Amino acid sequence: MSASGVEAAAAVTELFTAAYGRPPSGIWSAPGRVNLIGEHTDYNLGFVFPLAINRRARVAVSPRGDGLLRMATSGTGEPAEIRTVDLAPGRLEGWSRYVAGVHWAFGLRGIEVPGMDVLLDSDVPVGAGLSSSAAIECAVALAVNELSGAQLPPEELVLLCQQAENDFAGAPTGILDQSASLLCAAGHGLFLDCRSRESRLVPLDFAAEDMVALVIDTKVSHAHDSGGYADRRRDCERAAEALGVGSLREIGLPELVLAAGQLDHQAYRRARHVVSENARVESVVGHLETGKPIAKLGPVLASSHESLRDDFEVSCPELDLAVEAAMAAGAAGARMTGGGFGGSALALVRAAHAERVERAVIRAFANAGFAPPEVFAVAPGAGAHRDSGNPDPLQPGRS
Ligand code: GAF
């Protein structure tokens, strides 16, 4: 673990001890993610290529003998408390759903989980499209997996956390965020096939190419338990049904063009985004795996953004402006990232141009009368782990 990771673990230990009057049994942490490419493809059983970021949710946890689940956070959320026998969807609101939902999902698998005291400390921005909720779920899942002795493999924890998000927290999302948080490794992106669930790590070293990955948080808060995301899912299912396929993964662009007459215009455009985005993920991964420069990914990121904006209609004026201003100031590539309807854009920028891009984006937002965005660099961080003594196997010390 890095020095900052050690400090953060010490801080959460202290907070836990102050809140519950005893030290925790352990500390577990899991990262947020930024998706380099492959948006709205996961629930269509397609391809995604995210990286874990160097911002994490950390949980300090101790089991309790009385079946009570007590949850507190160093953030702004209210503490919450529930008897584990009473855990059910709809019983809790806000951040504690992500903790309790994971406990509940273990229970659904017949795994006996004790009551617990949980203290959350996270620096993954909330509502920024960087998977703050998946980071909480994955950190808690590791803790419960260990403390209950369940020993489920990470691939099963992905599905368990997705179930917590879908059925307990009520957001009908795919497996992108939880896979990124649990399966990524420092210095790498994760190429994941959401149909077979096979994945491989692809080296991604921005610094070696004098590049920086900048997140532009528009501060327009998104939420995937409200309408737009579920509508897009339904549009895709409708398109697949009209095309006579189980999912949009089963069709390529030439076949889609030929079958256009079977779809209304909206369903066609939704399908065109998904099918073309899958091809873009494969091309980005092929590009990087054949040693081509990150700086040359601009055109493919631009066409992903256009497709999300025009065909899938999940961008918003702030995201479009972030991309436009970053590109005009010299970014090598930029696009919205995550589910959209707000959240963040990602810009790949030469290190020497990073400040100029940041200033230009902030100025453009001010000129447009938008609230100031937050711009910060992210590096491919470690996946989820126990903070005391289980460093990332590939590149220890870079979380
Ligand atoms: C959100 C969802 F949680 C993911 O499952 C994915 O669909 C993404 O939006 C869009 O690519 O982050």
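Note that the structure is a prediction, hence the values are computed from the model and not measured.

1. Some remarks on the site of the ligand
- Around the ligand, the surrounding shell holds 12 residues, and the nearest of these are Glu-39, Thr-173, Gly-174, Leu-176 and Gly-339.
- Class assignment of the residues belonging to the shell around the ligand gives a composition of two nonpolar, seven polar and three charged.
- Each of domain 1 (3-201 + 382-387) and domain 2 (205-378) gives at least three residues to the shell around the ligand.

2. Some thoughts on the packing of helix 2 (residues 96-108) against helix 3 (residues 132-147)
- Their axes nearest at 8 Å, the elements helix 2 and helix 3 cross at an angle of 45°. Classified by the interaxial angle, the pair formed by helix 2 and helix 3 is oblique. Seen from above, helix 2 lies across helix 3 with right-handed handedness. Contacts between helix 2 and helix 3 involve Tyr-98, Val-99, Gly-101, Val-102, His-103 and Phe-106 from the first element and Ser-133, Ile-136, Glu-137, Val-140, Ala-141 and Val-144 from the second.
- Counted by class, the contact of helix 2 with helix 3 contains eight nonpolar, three polar and one charged residues.

3. Here we look at helix 10 (residues 317-328)
- Look at helix 10: 16 Å from first C-alpha to last across 12 residues, which is about the 16 Å you get at 1.5 Å a residue.
- Taken as a whole, helix 10 has its buried residues at Glu-318, Leu-319, Leu-321, Ala-322, Val-323, Ala-325, Ala-326 and Met-327.
- Buried-residue contacts for helix 10 involve strand 8 (211-217), helix 9 (298-311), strand 9 (333-337), strand 10 (344-350) and helix 11 (354-368).
- Phi turns positive one or two residues past the end of helix 10, at Gly-330, with a value near 110°.

4. What to know about the sheet that holds strand 9
- Read across the open sheet, the four strands follow the order 9-10-8-11; overall the sheet is antiparallel. Among the strands making up the open sheet, the edge pair consists of strand 9 and strand 11 (374-378). When the angles between neighbouring strand axes are averaged without regard to direction, this sheet yields 25°.
- Lying on the sheet, helix 11 is in contact with strand 8, strand 10 and strand 11; it crosses strand 8 at an angle near 15°.

5. Focus: the UniProt feature "domain: Galactokinase N-terminal" (unreviewed entry) in the protein chain
- According to UniProt, the feature "domain: Galactokinase N-terminal" (unreviewed entry) maps to residues 14-63 in the numbering used here.
- With 14% helix and 58% strand, residues 14-63 has end C-alpha atoms that lie 17 Å from one another.

6. Some words on the UniProt feature "domain: GHMP kinase N-terminal" (unreviewed entry) in the protein chain
- Mapped onto this numbering, the UniProt entry gives "domain: GHMP kinase N-terminal" (unreviewed entry) at residues 110-183.
- Between the end C-alpha atoms of residues 110-183 the distance is 24 Å, and the span holds 53% helix and 11% strand.

7. Structural notes on the environment of Glu-355
- Looking at the secondary structure, you find Glu-355 in helix 11.
- Classification of Glu-355 by C-beta neighbours within 10 Å gives partly exposed; the count is 13.
- Sequence-wise, Glu-355 and Phe-341 are 14 residues apart; in three dimensions their C-alpha atoms are separated by 26 Å.

8. Here's the deal with the nonpolar core
- Among the nonpolar cores identified, the biggest contains 117 residues, and Val-59, Ala-139, Ala-326 and Ala-347 are the most heavily contacted of them.
- Taken domain by domain, the makeup of this core includes at least three residues from each of domain 1 (3-201 + 382-387) and domain 2 (205-378).
- Beyond its immediate stretch of four places on either side in the chain, Ala-326 contacts Ile-216, Ala-331, Ala-334, Ala-347, Val-357 and Val-361.

9. Focus on the domain arrangement of the protein chain
- Segmenting the protein chain into domains produces domain 1 (3-201 + 382-387) and domain 2 (205-378).
- Just the C-alpha atoms count here: the centres of domain 1 and domain 2 sit 25 Å apart.
- Facing 30 residues of domain 1, the contacting portion of domain 2 comprises 38 residues.
- For the side of domain 1 that touches domain 2, the elements supplying multiple residues, two or more each, are strand 1 (26-37) and strand 2 (47-64).
- When residues of the side of domain 1 that touches domain 2 are assigned to their parent elements, the largest contribution, five residues, is made by strand 2.
- Its residues placed into classes, the side of domain 1 that touches domain 2 shows 16 nonpolar, 12 polar and two charged.

10. Thoughts on unusual backbone geometry
- You will see that Gln-151, though not glycine, has its phi angle at about 55°, which is positive.
- Tracing the backbone through its elements, the reader meets Gln-151 in the loop between helix 3 and helix 4 (154-168).
- What makes Gln-151 exposed here is the crowd of 9 C-beta atoms within 10 Å.

Basis of the calculations
Residues numbered from 1 in each chain as written. Predicted model: local features only at pLDDT ≥ 70, side-chain atom pairs only at ≥ 80, totals over all residues. Near = placed C-beta within 6 Å. Nonpolar A, V, L, I, M, F, W, Y, C, P; charged D, E, K, R; others polar. Domains from an automatic or database assignment. Axes fitted to C-alpha atoms, helices over the stretch in contact; angles between N-to-C directions. Helix = DSSP H or I, 4+ residues; strand = E, 2+ residues; numbered from the N terminus. Parallel < 35°, antiparallel > 145°, perpendicular 65-115°, else oblique. Left-handed = near helix turned anticlockwise from the far one by under 90°. Contact = placed C-beta atoms within 7 Å. Expected span 1.5 Å × (residues − 1). Buried ≥ 20, exposed ≤ 12 C-beta atoms within 10 Å, placed from the backbone. Pairing = 2+ DSSP bridges. UniProt positions renumbered as here; feature names shortened; annotations may be inferred. Core = buried A, V, L, I, M, F, W, Y, C linked by C-beta atoms within 7 Å.

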